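Here's the letter readout for the chains.
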Amino acid sequence: MTTIKLEHGHTITFNSESHKYIKDNEYIVGMSTILGKLASPMLENWKINNIVNAIKKEMEQSNIPLDQIENIVLNAKANAQKQGDNILNIGSMVHKYCEKWLKNEKFAEPSDPVIKGCFEKFKKFWKKHKLKLLESEKILYSERGYCGTLDIIAIDPYGNIWLIDIKTSKGIFINMVHQLHGYKLAYEEQTGKKVNKMYLVRLPKDSGDFEARHILYKKEHLKAFLGLLSCHKSELLFNE
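The following paragraphs examine the structure supplied in this document. This is a predicted model, so every value here is computed, not measured. (Residues numbered from 1 in each chain as written. Predicted model: local features only at pLDDT ≥ 70, side-chain atom pairs only at ≥ 80, totals over all residues. Heavy atoms only, no water.)

**Examining the sheet that holds strand β5 (residues 132–142)**
In plain terms, the rule: Being paired, for any two strands, means DSSP has found at least two bridges between them. The helix count covers DSSP runs of H or I at least four residues long, the strand count covers runs of E at least two residues long, and both are numbered beginning at the N terminus. Axis geometry follows a simple rule: fit a line to the C-alpha atoms, using only the stretch in contact for helices, then measure angles between N-to-C directions, giving values from 0 to 180 degrees.
Strand order in this open sheet of five strands is β5-β6-β7-β8-β9, and the pairing throughout is mixed. Two strands bound the open sheet, and with one partner strand each, they are β5 and β9 (211–215). Each adjacent strand pair in this sheet contributes to an overall mean axis angle of 30°, direction not counted. Here strand β6 (residues 146–155) pairs with strand β7 (residues 161–167) via four bridges, running antiparallel. From the neighbouring strand, Ile-153 faces β7, where its bridge partner is Leu-163.

Dropping the structure here:
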């Protein structure tokens, strides 16, 4: 548990294990929950279950024994879960190495070739743009009622402040753009400083080079993020 008083006077407690934010003994919604409203988890689970049931029915019609079908489904789910956990772990480790390197902390180089590859790509991006670290892993709280932890705030040789989010995903998606706009709003509100540039830096887990996407501020993207926040608040009222 980490408790920190932020620039605008609000105090936030962050539980890193459960990844929950607390203010005045109440949970404050985080970025991942807000962005999850873009695709309803219940709807996605329903779609997946429909697909699984359709596959099971096809296997039954092919005279595959029921117990064998169940074993296939269970093994497939277990492998998918394992793969998902591994992907999350890679992303988390890459973030940690990047932060330690930026802060000039001592660390042993990663032994995993995928993690090492992503880490080297980040260093290449950083050196190319001659950036200097201002803040990393910064906890944000917006008085609109949400929290988040941004990856990096940097400054370039021309004095521009960059808000950078690191990704190890297979692509860049619209929810990432919404996320950056939410970070920008909270950071500027909290610190009084203006973000000049927003960047998504994708570090692919294969042999591909880094992808640095400059995300332009658009009112429509911010409105979309705030709309997702409103969806969350609406759901809370409905549950009450």
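Next comes the rest of the account.
**A look at the nonpolar core**
Condition: Residue types Ala, Val, Leu, Ile, Met, Phe, Trp, Tyr and Cys, when buried and joined through side-chain atoms within 4.5 Å, form a set referred to as a nonpolar core. Relative accessibility thresholds used throughout: buried, under 20% of the residue-type maximum; exposed, over 50%; partly exposed, between the two (1.4 Å probe, protein chains only). Note on definitions: a residue-residue contact is assigned when non-hydrogen atoms from the two residues lie within 4.5 Å.
Grouped together as the largest cluster of nonpolar side chains are 27 residues, with contacts concentrated most on Ile-34, Tyr-146, Leu-163, Leu-200 and Phe-225. Counting residues per element, the ones that place at least two in this core are α1 (31–35), β6, β7, α5 (174–191), β8 (197–202) and α6 (219–239). Of the residues forming this core, the biggest block, seven residues, is contributed by α5. Setting aside its immediate chain neighbours within four residues, Leu-163 contacts Ile-152, Ile-153, Leu-180, Tyr-183, Lys-184, Val-195, Lys-197, Met-198 and Tyr-199. Of all hydrophobic cores here, the second largest spans 21 residues; its members include Ile-90, Phe-122, Ile-164 and Val-201.

**Focus on the pattern of salt bridges**
What counts is decided by this rule: Each reported salt bridge corresponds to a side-chain nitrogen of Lys or Arg within 4 Å of a carboxyl oxygen of Asp or Glu.
Taken as a whole, this structure holds 15 salt bridges when the rule is applied. Among the ionic pairs, Lys-37 bridges to Glu-235, the shortest N-O distance being 2.3 Å. One end of the pair, Lys-37, is in the loop between α1 and α2 (41–61); the other, Glu-235, is in helix α6, with 198 residues separating them in the sequence. When its relative accessible area of 37% is taken as the criterion, Glu-235 is described as partly exposed. When the shortest N-O distance is used, the salt bridge between Glu-211 and Arg-202 registers 2.9 Å. When salt bridges with common partners are traced through the structure, they connect Glu-109, Lys-116, Glu-120 and Lys-123 into a single cluster.

**Section: the sheet that holds strand β3 (residues 20–23)**
The strand order β1-β2-β3-β4 describes an open sheet built from four strands, whose pairing is antiparallel. Lying at the two open borders of the sheet, with one neighbouring strand each, are β1 (2–5) and β4 (26–28). Averaged over all neighbouring strand pairs, the angle between strand axes comes to 35°, with direction disregarded. Bridge count between strand β2 (residues 11–15) and β3: three bridges; the pairing is antiparallel. By the bridge assignment, Phe-14 is partnered in β3 with Tyr-21.

**Topic: unusual backbone geometry**
The phi torsion at Asp-24 lies on the positive side, around 55°, for a residue other than glycine. Inspection of the secondary structure puts Asp-24 in the loop between β3 and β4. A positive phi angle, near 65°, is found at Asn-63, a position not held by glycine. Along the chain, the position of Asn-63 falls in the loop between α2 and α3 (66–102). Among the residues examined, Asn-63 registers a relative accessible area of 68% and is labelled exposed.

**Comments concerning the packing of aromatic side chains**
Two aromatic rings are characterised by how far apart their centres lie and by the angle between their planes. The line we're drawing: To pair, rings of Phe, Tyr and Trp, with the six-membered ring standing in for Trp, must have centres within 6.5 Å; the planes then decide the type, stacked if under 30 degrees apart, edge-to-face if over 60, and tilted in the middle.
Summed over all chains, the structure comprises eleven aromatic pairs. Relative to Phe-122, the ring of Trp-101 lies with its centre 6.3 Å away and its plane at 85°, an arrangement referred to as edge-to-face. Here Phe-122 lies in helix α4 (residues 113–129) and Trp-101 lies in helix α3, a separation of 21 residues in the sequence. Trp-101 sits in the partly exposed class, given a relative accessible area of 22%. On the basis of relative accessible area, Phe-122 is assigned to the buried category, the value being 0%. Their ring planes at 70° and their centres at 5.8 Å tell us that Phe-125 and Phe-210 sit as a pair that is edge-to-face.

**Points about the side chain of Lys-56**
Take Lys-56: it is sitting in helix α2. Setting aside residues no more than four positions away along its own chain, Lys-56 makes contact with Ile-69, Glu-70 and Val-73.

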